[in-house]
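Descriptive analysis of the structure
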Amino acid sequence: MGSDFHLFLCRAETRRVLWVMGGVFAFSILVQQYFELPYGNFIGSLFSGVNSNRTNNVNTQFNFTVGFDGKMKRNDSIFPIKPNDSSGVELLKPNRDLAPERAKEFENIFKGKNENAAPMLEEQSKDDIAPLASNVSLPPMISLAPSVSPRHVDDNSIVMHSSDNPGGATTTQNNEVVAFVPLKSNAAVQTMNSPAPSVSLRHIDDNSTTAPNKATELLRNDLALSGNASTLNKALAVHDNLTTLASSHTPYGAKTPSVKEASDKPVKGVVSISEMTNMLLWSHHPSNLLTNPKWSSASDEELLSAKSQIESAANSIGDLGLHAPVYHNVSKFIRSYELMERNLKVYIYREGKRPVFHQSRLTGIYASEGWFMKQLKASQHFLTNDPNKAHLFYLPFSSQILEEVLYVPGSHSFTNLKAYLKNYVDLIKGRYPFWNRTQGADHFLVACHDWAPEETRCEMANCIKSLCNADLKEGFKLGKDASLPETNIGSADPSRSLGGKRPSQRKFLAFFAGSMHGYVRPILLKHWQNKDPNMKIFGRMRKTDYIHHMKSSKYCICARGYEVNSPRVVEAVSYECVPVIISDNFVPPFLETLNWESFAVFVLEKDIPNLKSILESISLRRYLKLYNNVIKVQQHFLWHPEPVKYDMFHMILHSIWYNRVFQIAS
């Protein structure tokens, strides 16, 4: 009896010990799972340390491409996954150890030395790619949106709506999707045409705001170290204004075509042209650089060399065709332009299907983006077929056609347009290592549609953006982005109707005519229409009368419309009329090179009631200088059927080149 009792106690004690050990083990598993949950599933997280050792402490992923045939192919590229950045966009960060070899592999592919390139580069229709580099076979890319038909709206523009989507759903149709599948994960594959879960695609009519820029903190540290208190205070005041603008402005409205009209109300805080110039100089300070490459390349070394040569450019009397007073530093401009002509190589991605990609439109108010695309593609001087030799990568899409094809009338949403561009960027990220090397900082786009800043805000945030809507309160970044001249082109030769009357024959003090777009123009007409015989301020006018008045006036009023940009700036220069820009926070084209105050007048929107007195206060001597400088700068604002030195095409490319050069840290 006693032995049985002792045996019972022994068994009970054994069970108790086993229960305690099991509880401790389970608790340890739960604790470890809690801290390692983001890295994989339950079992995988227990052995994440082993996995990380096998991959050099990098979370590895394979890139799979699903083609038209529905088959999934592996591209054999290995990149670590970078956690979501502050914008909520997941970026791929290349493996530093593998990247140089990966780049060499791409070099072999583009030189035809890699026999295993076929799974990644498949055949593509000639109609869907750029005409250059036909020796490389490429896979079919993003397909067109559902069938579309033109729809007229009351501002005489044509937009497109989906005939297959009567309910107004914002969907895109893609025949190819790219999925990134991390190893040791049971997560479902996320296709390209599904936005990342953490990305918030803002509707046109919402009240979301833009996050404040980090430039203030960076500038505060840099200037404090330099001991320049006055410059510090002035620069910080300017950046505070920009932060207020970025956080308080709602860019778009609730209707179409009044999508632009919701911005039609004044905002507080204005950055003057002088302050913009000062900010531009500070933006090239090393601490304000956007990003550093993940691994070095020969192209980076060439950009660093160019930067050094530009900064140390000797004073020059200038090119015979250049007038020094219209430039901030004519010697640096000459040196930078020479280096661009000698060294710059651009690679154009051949991915992307027409009409959104690789198709240029050469007439209308958005024609600048089309002319640039056409002339860059035709350039044998600046293009390269080997992306390893490129300093810049061009994303060849039309913001105008994107809106016409994909925007759903009445949807009040950019989701469709943003998703389409996101698909394209994801494709570039997955297929090539070049975007991942700089997170897109050496890529650029040229877009003139008013909506381009919003469409490219997230996925193309790091790119150099050449935009007509160059508005500081819309997120335009001085020193990175470039202001694109808006040109209203109606003929094959835009330069055929140049010039105007001599100063003594210009009988009108000021002239404006145009539609009542935005909030500034109605104010202008309220104060000055039919109020003074020397102030020729009208609504809409016939084209012949419009040109006659521009050629007969001393000052041409360039008042903003729905957005800050206006084709009147280029028109005024073309007709040798001094531009009077009434558009707060507008960054004028080529500001990094041109001294705009030497040939233009800037009037704050709030000073419209005093417009005549402001213009009459300008002395005759000062006016003649402005007039002569307009003539000297005119060559930079002309399109030619074939590009010529210092023309609009070369100046746009130079702005992009110059900004990229000064993004590279020494």
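Everything in this summary refers to the structure shown in the same document. Since the structure is predicted, the reported quantities are computational estimates derived from the model, not experimental observations. Each chain has its residues counted from 1, following the order in which its sequence is written. At least 70 in pLDDT is required for a residue's local features to be given in this predicted model, at least 80 for side-chain atom pairs to be given and counted, and no such filter applies to totals for whole chains, interfaces and linings, which use all residues. The basis for every side-chain value is the complete set of non-hydrogen atoms in the structure, without hydrogens or water.

The next thing to look at is the packing of aromatic side chains. Planes of paired rings set the category: under 30 degrees apart is stacked, over 60 is edge-to-face and the rest tilted, where pairs are Phe, Tyr or Trp rings (Trp by its six-membered ring) whose centres lie within 6.5 Å. Scanning the entire structure with this criterion turns up 28 aromatic pairs. Ring geometry for Tyr394 and Phe444: centres 5.1 Å apart, planes at 20°, overall stacked. Here Tyr394, found in strand 8 (residues 392-394), pairs with Phe444, found in strand 9 (residues 443-447); they are 50 residues apart in sequence, far enough to count as distant. The structure contains a cluster of three or more aromatic residues connected by ring pairs, namely Tyr347, Tyr349, Phe393, Tyr432 and Phe434. The positively charged end of Lys554 is found above the aromatic ring belonging to Tyr623, 5.8 Å away from the centroid. Secondary structure counts use DSSP, requiring at least four H or I residues in a row for a helix and at least two E residues in a row for a strand, with both numbered from the N terminus. Two limits define a charge over a ring: the Lys NZ or Arg CZ must be within 6 Å of the ring centre, and within 35 degrees of the ring normal.

It is worth spelling out the environment of Leu383 at this point. Take Leu383: it is sitting in the loop between helix 10 (367-377) and strand 8. For the pair Leu383 and Leu344, spaced 39 residues apart in the sequence, the C-alpha separation amounts to 8.3 Å.

Our focus in this paragraph is the sheet that holds strand 10 (residues 464-467). A pair of strands is labelled paired if DSSP reports no fewer than 2 bridges between them. Read from one edge of the open sheet, five strands run 7-8-9-10-11, paired in parallel fashion. Two strands close off the open sheet at either side, each with one partner strand: strand 7 (346-348) and strand 11 (482-483). Bridging between strand 10 and strand 11 involves two bridges; their strand directions are parallel. Counted as the bridge partner of Ser466 is Ala482 from strand 11. Any two residues whose heavy atoms approach within 4.5 Å at even a single point are treated as in contact. Angular values range over 0 to 180 degrees, each being the angle between N-to-C directions of two axes fitted as lines to C-alpha atoms, with helices fitted over their stretch in contact. Across the sheet, helix 20 (residues 648-661) is in contact with strand 8, strand 9, strand 10 and strand 11; its angle to strand 10 comes to roughly 150°.

Right, let's talk about the sheet that holds strand 16 (residues 601-602) for a bit. Pairing is parallel in the open sheet, where five strands are placed in the order 13-12-14-15-16. Of all strands in the sheet, those bounded by a partner on one side alone are strand 13 (535-537) and strand 16. As paired strands, strand 12 (residues 508-512) and strand 13 are joined by three bridges and run parallel to one another. Bridged to Phe511 within strand 13 is Lys536. Running over the sheet, helix 19 (residues 620-633) touches strand 14 (553-559), strand 15 (578-582) and strand 16 and is turned about 100° from strand 15.

Among the five residues of strand 12, five are classified as buried, and the element is accordingly described as predominantly covered. Following the chain from strand 12 across helix 15 (residues 520-528) to the adjacent parallel strand 13, one finds a crossover that is right-handed. When a residue's accessible area, from a 1.4 Å probe over protein chains only, is under 20% of the maximum for its type it is buried; when over 50% it is exposed; and in between it is partly exposed. Here is how to tell: hold the view so the strands point away, follow the path from the first strand over the helix to the second, and if it runs clockwise the crossover is right-handed.

Further remarks concern the packing of helix 9 (residues 330-343) against helix 20. For any two helices packed against each other, the geometry comes down to the angle between their axes and how far apart the axes lie. The contact between helix 9 and helix 20 brings their axes to 10 Å, and the two run at 95°. Classified by the angle their axes make, helix 9 and helix 20 are roughly perpendicular. On helix 20, the residues that touch Phe333, Ser336, Tyr337, Leu339 and Met340 of helix 9 are His650, Met651, Leu653, His654, Trp657 and Tyr658. Class assignment of the residues belonging to the contact of helix 9 with helix 20 gives a composition of eight nonpolar, three polar and no charged. Our angle categories are set so that under 35 degrees counts as roughly parallel, over 145 as roughly antiparallel, 65 to 115 as roughly perpendicular, and the remainder as oblique. Only Asp, Glu, Lys and Arg are considered charged, only Ala, Val, Leu, Ile, Met, Phe, Trp, Tyr, Cys and Pro nonpolar, and every remaining residue, Gly among them, polar.

This next bit is on the packing of helix 11 (residues 399-406) against helix 12 (residues 415-431). Packing of helix 11 against helix 12 leaves a shortest axis separation of 9 Å and a crossing angle of 120°. The pairing of helix 11 with helix 12 is recorded here as oblique in orientation. In this structure, the crossing between helix 11 and helix 12 has a hand that is right-handed. Contact with helix 11, carried on its side by Leu402, Glu403 and Leu406, involves Asn416, Leu417, Tyr420 and Leu421 of helix 12 and no other residues of that element. Handedness of a helix crossing follows the sense of rotation of the near helix relative to the far helix, less than a right angle counterclockwise being left-handed and clockwise being right-handed.

Pairs of cysteine sulfur atoms within 2.5 Å are identified as disulfides in what follows. This model, assessed by the stated rule, comprises two disulfides. Here Cys448 pairs with Cys468 through a disulfide, and the sulfurs are 2.0 Å apart. Classification of the bridge connecting Cys448 and Cys468 rests on its S-S torsion, roughly -95°, and on that basis the disulfide is left-handed. Here the residue Cys448 occupies a position in the loop between strand 9 and helix 14 (452-455), and Cys468 occupies one in the loop between strand 10 and strand 11, the gap between them amounting to 20 residues. The disulfide partner of Cys556 is Cys577, and the gap between their sulfur atoms is 2.2 Å. With the S-S bond torsion at 110°, the cross-link from Cys556 to Cys577 turns out right-handed. Of this pair, Cys556 sits in strand 14 while Cys577 sits in the loop between helix 17 (568-574) and strand 15, and the two are 21 residues apart along the sequence. Classification of Cys556 by relative accessible area gives buried; the value is 0%. If one numbers only the bonded cysteines of the protein chain, in the order they occur, the disulfide pattern is 1-2, 3-4. As a non-bridged cysteine, Cys558 has Cys556 as the owner of its nearest cysteine sulfur, 6.8 Å distant.

Expected helix span is computed as 1.5 Å times (number of residues minus one). With 14 residues, helix 9 should reach 20 Å at 1.5 Å per residue; the first-to-last C-alpha distance of 20 Å fits that figure. Within the sequence span of helix 9, burial applies to Val330, Ser331, Phe333, Ile334, Ser336, Tyr337, Leu339 and Met340. Against helix 8 (298-311) and helix 20 lie the buried residues of helix 9. For this analysis, a polar contact is any N or O atom pair within 3.5 Å, provided that within protein one partner can donate a hydrogen and the other can accept it, and provided that sequence-adjacent residues contribute only side-chain to side-chain pairs. Measuring from the side-chain oxygen of the N-cap residue of helix 9 to the backbone nitrogen of Ser331 gives 3.1 Å; that N-cap residue is Asn329.

Pro355 follows Arg354 through a cis peptide bond whose omega is 10°. The phi torsion at His358 lies on the positive side, around 65°, for a residue other than glycine. Mapped onto the elements, His358 comes out in the loop between strand 7 and helix 10. By relative accessible area, His358 is classed as buried at 4%.

Let us now look at the nonpolar core. The set of buried Ala, Val, Leu, Ile, Met, Phe, Trp, Tyr and Cys residues whose side-chain atoms join them within 4.5 Å is what this entry labels a nonpolar core. Counting 134 residues, the largest nonpolar core has Phe372, Phe444, Ile557 and Leu611 as its most contacted members. Excluding residues within four positions of it along the chain, Leu611 makes contact with Leu524, Trp528, Met535, Ile557, Val580, Ile582 and Val603.

That is the geometry; function is a separate question.
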